[in-house]
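Structural features, examined
Each chain, letter by letter, is given below.
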Amino acid sequence: MKLLLATNNPHKAEEFRSIIKEHEIVSAKDADIFFHHEEVEDTFLGNSLGKARTLYEACRKPVIADDSGLVVPALGGAPGIYSARFGDDVFDHPLSQKERNQYLLDCMAETEDRRAFFVCTISLILDEYRFYIFQETFSGSIIHEERGKNGFGYDPIFYIPELKKTAAELDENEKNRISHRAKAGKRAELLINSLNT
């Protein structure tokens, strides 16, 4: 099945293609479809479904979208749904990811509870009245400095104790077995494969 992906982020598009291998994933940008959705909801589910519905209305074809982010209990759940713009309001300009990671580490400087987890909510819309939701998590902790060159976002400071590595130290195959997006994406793929479309 060909699925249009509601993103303008090339990293996310590549990650989706490496997870959902049995189906064709085409980003809105690559399909020459203008896509913009203002994330105004207060949950990953609300933002994911909103993105999917916006793209579906633009193309009326099967679409897939996700909203994901990092949750740190010691910070009251932040960055949460604001993960991609965490700290922008504090510094009055968009931060680079390296600056964003450092800001998170600064916020946790006096914090002993380093637990954290990623959340991914995937919304799949096949037609106006057929849609499915998948949500998964990926648990770890926040270390004190960046490690690793792979991945993107908060991966260099997100540590997986059982592997003794950060997410940025995992290769693509390792990450795509255990990450929040991989788990949700694989569930989506299983469902798609079970459908008589």
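Report follows, based on the coordinates.

The rules we used
Residues numbered from 1 in each chain as written. Predicted model: local features only at pLDDT ≥ 70, side-chain atom pairs only at ≥ 80, totals over all residues. Heavy atoms only, no water. Axes fitted to C-alpha atoms, helices over the stretch in contact; angles between N-to-C directions. Helix = DSSP H or I, 4+ residues; strand = E, 2+ residues; numbered from the N terminus. Parallel < 35°, antiparallel > 145°, perpendicular 65-115°, else oblique. Left-handed = near helix turned anticlockwise from the far one by under 90°. Contact = heavy atoms within 4.5 Å. Nonpolar A, V, L, I, M, F, W, Y, C, P; charged D, E, K, R; others polar. Phe/Tyr/Trp six-rings, centres within 6.5 Å; stacked < 30°, edge-to-face > 60°. Buried < 20%, exposed > 50% of the residue type's maximum accessible area, 1.4 Å probe, protein only. Polar contact = N/O pair within 3.5 Å; in protein donor to acceptor, adjacent residues only side chain to side chain.

Some points on the packing of helix α1 (residues 10-19) against helix α6 (residues 180-194)
It is at 9 Å that the axes of α1 and α6 come closest, and there the two elements cross at 55 degrees. Between α1 and α6, the angle falls in the class oblique. Helix-helix and strand crossings are classified by hand; for α1 and α6 the assignment is right-handed. For the pair formed by α1 and α6, the contact residues are Lys 12, Glu 15, Phe 16 and Ile 19 on the first element and Arg 181, Ala 182, Gly 185, Lys 186 and Glu 189 on the second. The residue inventory of the contact of α1 with α6, partitioned by class, reads three nonpolar, one polar and five charged.

Description of the packing of aromatic side chains
For the structure on display, the rule yields five aromatic pairs. With a centroid separation of 4.9 Å and an interplanar angle of 45 degrees, the aromatic rings of Phe 86 and Tyr 103 are classed as tilted. On the criterion of sequence distance, the pair formed by Phe 86 in the loop between β3 (63-71) and α3 (88-91) and Tyr 103 in helix α4 (residues 97-107) is long-range, its members being 17 residues apart. Using a relative accessible area of 12% as the deciding quantity, one classes Phe 86 as buried. On the basis of relative accessibility, which here comes to 17%, the residue Tyr 103 falls in the buried class. Judged by centre distance (4.5 Å) and plane angle (55 degrees), the rings of Phe 118 and Phe 158 are tilted.

Details of the side chain of Lys 12
For Lys 12, the location among the structural elements is in helix α1. Here the side chain of Lys 12 touches Asp 66 through a polar contact of 2.8 Å, side chain to side chain. Leave out the neighbours within four places in its chain, and Lys 12 touches Leu 5, Thr 7, Lys 51, Asp 66, Ser 68 and Arg 181.

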